[in-house]
Amino acid sequence: MLEVVPDVLAVMGETLVKVLPATIVLAAIFSVLGHYWACNPGYAWWRKRELLTDLLYWFFVPLMTRMVRIGMLFFCAGLFFNIRTPDDLIAFYDNGHGPLARLPLAVQALLFLVLSDFMLYWNHRFFHRSTTLWKYHAIHHSSEDVDWISAARFHPINLFFGTVAVDVILLLAGISPNVMIWLGPFTIFHSAFVHANLNWTLGPFRYVIATPVFHRWHHTLVEEGGNTNFAGTFPVWDVLFGTFRMPEGVFPAAYGAGDPVMPHDFPTQIAYPFRH
């Protein structure tokens, strides 16, 4: 058991090295853009309530997601494909397998992006419909000052049955994990972008790519629009399945999960779904 400690520490260090510079760049970008194009003027992200909570999520979530994804992939590779030796596991993880792995990496990345977004659309809707699952997803909706730093506020259970599970399914289908090299920077930036306090709708492209205003409607209370705009990247899913909402010339003003007893600090939020 102790022999895995250096590997775990190495993953932690590598993740921190990647996340910290990205955080600084995103903070600079959205500080400037939010100053000129704020959807809800009047506050800066660094003065938002629960900033410390969001920062803890921001650095904890990438580490946990990466470690759990690797662990699940290795476990499932052994369970479904009888891959046991370290060398075979490394080859499986590094290169993928089967017909999908033989496609050009750019095609695999595009396929992964479209399929994962479609699966996560329905997964997201299910988290909203299920009383049991909503209490975990409500953590993401608990922020009343939605901004780019709010993007990582996810309960581990939400991540496990959402993003991580979808990633592992597609990687087990044969897509090479190397697509993460292509998609990782896009995913980080776009997730921060759609949560940013910006009034951007991108005009006719609002149906092509998720925008800040599109996603901010999703963070409003249910009666305003909180049960709409479930897509993470491609709003076409919401258009096709009747959950698209972007009123012309109107911006959302208030956000939150609508739960008066929702805690505000990181450790209490992690415990909250288990206690309620």
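Further up the page is the structure itself.
Here is a short report on the structure shown in this document. The structure presented is a predicted model; accordingly, all values stated were derived computationally and were not measured. (Residues numbered from 1 in each chain as written. Predicted model: local features only at pLDDT ≥ 70, side-chain atom pairs only at ≥ 80, totals over all residues. Heavy atoms only, no water.)

### Some remarks on the overall build of the chain
- The secondary structure content of the chain amounts to 12 helices and 0 strands.
- From first element to last, N terminus to C terminus, the chain shows the α and β order α-α-α-α-α-α-α-α-α-α-α-α.
- The globule rule puts the C-alpha radius of gyration for 276 residues at 19 Å, and the 19 Å found for the chain is close to it.
- Judged by the C-alpha coordinates and their principal axes, the chain covers about 55 × 40 × 40 Å.
- Across the 276 residues of the chain, 47% fall into the buried class.
- Taking contacts inside the chain between residues at least 6 apart in sequence as the whole, the part at least 24 apart equals 72%.
- Each charge class in the chain was averaged separately, 16 positive and 19 negative side chains, and the resulting centres sit 4 Å apart. (Helix = DSSP H or I, 4+ residues; strand = E, 2+ residues; numbered from the N terminus. Rg over C-alpha atoms; globule rule 2.2 N^0.38 Å. Buried < 20%, exposed > 50% of the residue type's maximum accessible area, 1.4 Å probe, protein only. Contact = heavy atoms within 4.5 Å. Lys, Arg positive; Asp, Glu negative; His and termini not counted. Charge placed at Lys NZ, Arg CZ, Asp CG, Glu CD.)

### What to know about the side chain of Asn 158
- Turning to its location among the elements, Asn 158 is positioned in helix α7 (residues 156-172).
- Excluding residues within four positions of it along the chain, Asn 158 makes contact with Phe 127, Tyr 136, His 137 and Thr 163.

### Some thoughts on the nonpolar core
- Counting 57 residues, the largest nonpolar core has Phe 30, Tyr 57, Trp 58, Phe 112 and Trp 148 as its most contacted members.
- It is helix α2 (residues 51-81) that provides the largest number of residues to this core, a total of 9 residues.
- Residues in contact with Phe 112, not counting those within four places in the same chain, are Asp 167, Leu 170, Leu 171, Ile 175, Val 179, Met 180 and Leu 183. (Core = buried A, V, L, I, M, F, W, Y, C linked by side-chain atoms within 4.5 Å.)

### As for the environment of Val 25
- Locating Val 25 in the fold gives a position in helix α1 (residues 5-36).
- Residue class for Val 25 comes out partly exposed when judged on its relative accessible area of 47%.
- Sequence separation between Val 25 and Phe 189 is 164 residues, and the spatial gap between their C-alpha atoms is 9.9 Å.

### A short note on the packing of aromatic side chains
- Inspection of the entire model under this criterion finds 21 aromatic pairs.
- Plain terms: the ring middles of Tyr 36 and Trp 37 are 5.9 Å apart, the flat faces sit at 55° to each other, and that makes the pair tilted.
- On the basis of relative accessibility, which here comes to 37%, the residue Trp 37 falls in the partly exposed class.
- Each residue in the set Phe 30, Tyr 36, Trp 37, Trp 45, Trp 46, Trp 58, Trp 148, Phe 189, Phe 193 and Trp 200 is aromatic and connected to the rest through ring pairs, giving one cluster. (Phe/Tyr/Trp six-rings, centres within 6.5 Å; stacked < 30°, edge-to-face > 60°.)

### Overview of unusual backbone geometry
- Located in the positive-phi region is Glu 50, a residue other than glycine, with phi close to 65°.
- Looking at where Glu 50 falls in the secondary structure, it is placed in the loop between α1 and α2.
- Here Asn 229, not a glycine, exhibits a phi torsion of approximately 55°, which is positive.
- Among the secondary structure elements, Asn 229 is positioned in the loop between α10 (222-226) and α11 (236-240).
- Overall, the relative accessible area of 0% leaves Asn 229 in the buried class.

### So, the packing of α2 against helix α3 (residues 86-95)
- Running from amino to carboxyl end, α2 crosses α3 at an angle of 115°, the nearest separation of the two axes being 11 Å. It follows from the interaxial angle that α2 and α3 lie roughly perpendicular. For the pair α2 and α3, the sense of crossing is right-handed. Judged by residue contacts, Ile 70, Leu 73, Phe 74, Ala 77 and Phe 81 of α2 engage Leu 89, Phe 92 and Tyr 93 from α3.
- Tallied by class, residues from the contact of α2 with α3 come to 8 nonpolar, no polar and no charged. (Axes fitted to C-alpha atoms, helices over the stretch in contact; angles between N-to-C directions. Parallel < 35°, antiparallel > 145°, perpendicular 65-115°, else oblique. Left-handed = near helix turned anticlockwise from the far one by under 90°. Nonpolar A, V, L, I, M, F, W, Y, C, P; charged D, E, K, R; others polar.)

### Re α2
- Here α2 is 31 residues long and its end C-alpha atoms lie 44 Å apart, about the 45 Å a rise of 1.5 Å per residue gives.
- Taking the largest bend as the criterion, α2 deviates by roughly 30°, centred on Phe 60, and proline Pro 62 comes between one and four positions later.
- Backbone geometry just after α2 places Asn 82 at a positive phi near 55°. (Expected span 1.5 Å × (residues − 1). Bend = angle between axes of the 7 residues up to and from the residue.)

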